[in-house]
Amino acid sequence: MTHDPAADSADPEVLAERAYLRTCREALRAMREDVLTTETTQGDAFVDKYNNAIIREARAERAEQLLDLPDVPLFFGRLDYPPGELEEYGLEGVRPGRDGRGEGERGDGGARDTLMYIGRRGVRDAGGTPLVVDWRAPMGTAFYQAGPKNPMRVRKRRRYGFDRNGELTAYEDEIIQGARDAGAPGASALLTAELERPRSGPMRDIVTTIQPEQDDIVRAPLDRTVCVQGAPGTGKTAVGLHRLAYLLYTDRERLKRGGTVIIGPNRSFLAYIRNVLPALGEVGVTQTTVEELLDPGGTGARREDDPTAARIKGDARMAEVIRRDLWSGVRPPAEDLVAEVGGRRWRLDRDDLAEILRECRESDVSYGAGRELLTQRIVTAVIRLMERSGKISDGRTRGTVRRCPAVKAAVAAMWPKADAAKLVLGLLTDPARLARAAGGLLDPAEQEAVLLPGRPRSVKSARWSLADLALINEAADLLERQSGLAHVVIDEAQDLSPMQCRAIARRAAGSCTVLGDLAQATGPAAPGDWATLLAHLGKPDGEIVELDRGYRVPAQIIDYAARLLPRIAPGLRTPASVRQSVDALQVTETAPAQLVASTVAACEKALVREGSVGLVAADADVPGLHAALADAGLPSAVLGGDEDAMEAERLVCVPASLVKGLEFETVVVAEPARIVRAEPRGLHRLYVVLTRAVSAMHIVHAEPLPEPLGEG
Ligand SMILES: Nc1ncnc2c1ncn2[C@@H]1O[C@H](COP(=O)(O)OP(=O)(O)OP(=O)(O)O)[C@@H](O)[C@H]1O
């Protein structure tokens, strides 16, 4: 049952709900005011400078979380409980009859229902009574999960509709239990409207319409690694972001202390999703790309590996090659150590040194820590010699012995200093050294394939690829172990190489949310199954779940794209779309000389519709098409150079390599055959391209369509 005040603007229920919304806004303002004006500086201004700075920062963050965004409604739903149900749980619901809020219906005994409003964040009045309950609170589950089969004590669920300015304009009731004439629940018109909403600009949150199967994943506890396999548009990204928001609610302190990060494929994608968490009241979560994670200093991956090199370098065998190379430098001394300290010479026998080395080698520490341990043990052994001959050592003796050139030389000979980038450079430019480390692991052809082109002589002159960066990161971790984060969300994880997984694993001390679709794997060293990928991520016990209801792509388009599945991911089923759209798919064949003009015409036609338009083409074709659009008087942004491209123009030119994870109301695809030819896993890339449209897709081609698509 939906009430739309356009038809009945004086609906007293709508007016009462609007009044309640105003009350909540007032209360939120007061909460924020309270945070901002609370006296926090304390003690001695100088001594407590650090503490006060932290308090100020926390206060600013809390205040930002409590900001009232005028177009983001403070609540979006309501649950009505029969009298006494909530109180029995010791949970105070919002009681009827206060502050102009909509009144609960009377039950048989004459008592009124208890109402619980659900919103993006909790709002309390000055007395501490909850006016709106945060959707992430335990009671919020019922809003997403309660149904006639499992009412969860709820009698009625109400959803609200709002206009663009955040004005409450409609509500829709769903009887969950106890109605004499309940009948079968109908489809929610407000949910349908949300799914059909024309897309424009960046991604929005889905908190008002999370579906039960998605809610199960969102509310998975912090100690669980969840891996979500899902066809395009099944809501994986949305679910991953909402799970992080949920965990920040349930385990805020642990996550703050340990840290969290969202890893996405590229900056354009991260820009696309950057508004979701702030809209859920969560600010300050770090987003990063794999490349940035591997190269935090930002020297950048400036070289493209050929696919064979990328595949071998991404393979987990490389971890062993690096490990062997690094530790091969650690060896017993060739001679005794003779240290001159305090005018006398102290001799450490080479067998004793070898024994010290063996102990250090066996202690389970990093290469760098092992080297320090060796130094300390040698110093101690020399001091023991000195003490045994009656020499009294004092606090300065350790330093003196440590600085002794013979001690330094012995350590350098037994346990050479190492540098991650230098090590990788050495390995990948010196065939003999590589052969020593890779014996039995990489065959000669594989060894040949990973050597750096041009054989750069120094780290400075080397140009690294993304795969090289993962090798350097591996070496760096052997030298000094990296600290880990409490939770990591990894989107488009199907593309990660085992070596990239290992790099992420080193940062993920806690659990992960792993999101992806094997059919969309374009990474040259992608393992191709989730169990293997989870093992490389160090989370072999991660739970693999599947989402199979598509909320983006209309059935006609997804069925067309799914013709590629038998070729690219034979094990995966055709996804089921919840959306229908008539005439969603158009395929135009044109003469080669007309390809650009036909593509421009398709874009012009697409712009007549509401919402965003994405023109997707092989990367190399994008500049030419962009120029042709400009010549035709159609302004467009180009994704890649400009992070804000999705917000800058309705029409966006998208290189096929950057389209993963994005969506547009209408998609124009220029020459699929060229997209396929551009890379070894080109058919996978085409599948990604063909699954970006929310309403309509127009394919323009001059060459024959890639074979599984056929015509039509
Ligand atoms: N429960 C929902 N209610 C409303 N919209 C939803 C829901 N679930 C998903 N969507 C919408 O469906 C679209 C696709 O979601 P999302 O990008 O998270 O899918 P995905 O599985 O990550 O897709 P891809 O595989 O292409 O990366 C988005 O517009 C999202 O807002």
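On a predicted model such as this, the values are computed, not experimentally measured, just so you know. (Residues numbered from 1 in each chain as written. Predicted model: local features only at pLDDT ≥ 70, side-chain atom pairs only at ≥ 80, totals over all residues. Heavy atoms only, no water.)

**Q** Any details on the site of the ligand? Residues and values, ideally.
**A** Near the ligand lie 23 residues; those nearest to it are Thr-209, Lys-236, Arg-552, Glu-663 and Arg-692. Here Gly-235 contributes a backbone N or O atom positioned 3.1 Å from an oxygen atom of the ligand. Coverage of the ligand by the protein chains reaches 98% of its 630 Å² of free accessible surface. Ranked by residue count, the leading element in the shell around the ligand is helix α6 (residues 236–250), at three residues. Across the shell around the ligand, the residue classes tally to eight nonpolar, nine polar and six charged. Each of two domains, domain 2 (210–329 + 416–550) and domain 4 (555–709), supplies a minimum of three residues to the shell around the ligand. (Near = heavy atom within 4 Å. Polar contact = N/O pair within 3.5 Å; in protein donor to acceptor, adjacent residues only side chain to side chain. Areas by Shrake-Rupley, 256 points an atom, 1.4 Å probe, with all protein chains shown as cover. Helix = DSSP H or I, 4+ residues; strand = E, 2+ residues; numbered from the N terminus. Nonpolar A, V, L, I, M, F, W, Y, C, P; charged D, E, K, R; others polar. Domains from an automatic or database assignment.)

**Q** Quick one: what's the story with helix α4 (residues 189–196), residue by residue and with numbers?
**A** What α4 keeps buried is the set Leu-190, Leu-191, Glu-194 and Leu-195. Summarising the axial view, the buried residues of α4 lie within an arc of 135°, below the 170-degree limit, and thus occupy one face. Where the residues of α4 are buried, they touch β6 (156–162) and β7 (168–175). (Buried < 20%, exposed > 50% of the residue type's maximum accessible area, 1.4 Å probe, protein only. Arc of directions from axis to C-beta. Contact = heavy atoms within 4.5 Å.)

**Q** Talk me through the pairing of strand β9 (residues 260–264); I want residue IDs and the actual numbers.
**A** Where burial is concerned, most of β9 is hidden: five out of the five residues are buried. Burial along β9 is two-sided: the face carrying Thr-260, Ile-262 and Gly-264 and the face carrying Val-261 and Ile-263 are both buried. Looking at chain direction, β9 and strand β13 (residues 485–490) are connected through four bridges and run parallel. Bridge pairing links Val-261 to Val-488 in β13. Bridge count for β9 against strand β10 (residues 286–289) is four bridges, and the pairing is parallel. Paired with Ile-263 across the two strands is Thr-288, which belongs to β10. (Pairing = 2+ DSSP bridges.)

**Q** Go over the UniProt feature "binding site: ATP" (unreviewed entry) in the chain with me, naming the residues and quoting the values.
**A** Taking the UniProt record as the reference, the feature "binding site: ATP" (unreviewed entry) is found at Gly-230, Ala-231, Pro-232, Gly-233, Thr-234, Gly-235, Lys-236 and Thr-237. Looking at the element boundaries, Thr-234 is found in the loop between β8 (226–230) and α6. Separated by 2.7 Å, the side chain of Thr-234 and the backbone oxygen of Ala-231 make a polar contact. Structurally, Thr-237 can be placed in helix α6. Excluding residues within four positions of it along the chain, Thr-237 makes contact with Met-203, Phe-269, Ile-273, Asp-491 and Leu-515. (UniProt positions renumbered as here; feature names shortened; annotations may be inferred.)

**Q** Please provide a residue-by-residue account of the packing of helix α25 (residues 595–606) against helix α26 (residues 622–631), values included.
**A** α26 packs onto α25 with a crossing angle of 65° between their chain directions and a minimal axis gap of 10 Å. α26 is crossed by α25, and the crossing has right-handed handedness. Across the interface between the two elements, Val-596, Thr-599, Val-600 and Cys-603 of α25 pack against Leu-625, Ala-628 and Leu-629 of α26. Split by residue class, the contact of α25 with α26 holds six nonpolar, one polar and no charged. (Axes fitted to C-alpha atoms, helices over the stretch in contact; angles between N-to-C directions. Left-handed = near helix turned anticlockwise from the far one by under 90°.)

**Q** Give a description of the pattern of salt bridges that names residues and reports values.
**A** Side-chain pairing between opposite charges can occur once the charged atoms of the two side chains come close. Counted by the stated rule, this structure contains 48 salt bridges. For Arg-158, the salt bridge identified is with Asp-173, shortest N-O distance 2.7 Å. Taken together, the positions of Arg-158 in strand β6 and Asp-173 in strand β7 put the pair 15 residues apart, joining distant regions of the chain. The burial state of Arg-158 is the same as that of Asp-173; both residues are buried. The closest approach of N and O atoms between Glu-282 and Arg-252, which form a salt bridge, is 2.9 Å. On the criterion of sequence distance, the pair formed by Glu-282 in the loop between α9 (276–279) and β10 and Arg-252 in helix α7 (residues 252–258) is long-range, its members being 30 residues apart. Sharing partners across several salt bridges, the network here consists of Glu-13, Glu-17, Arg-78, Asp-80, Lys-156, Arg-158 and Asp-173. (Salt bridge = Lys/Arg side-chain N within 4 Å of Asp/Glu carboxyl O.)

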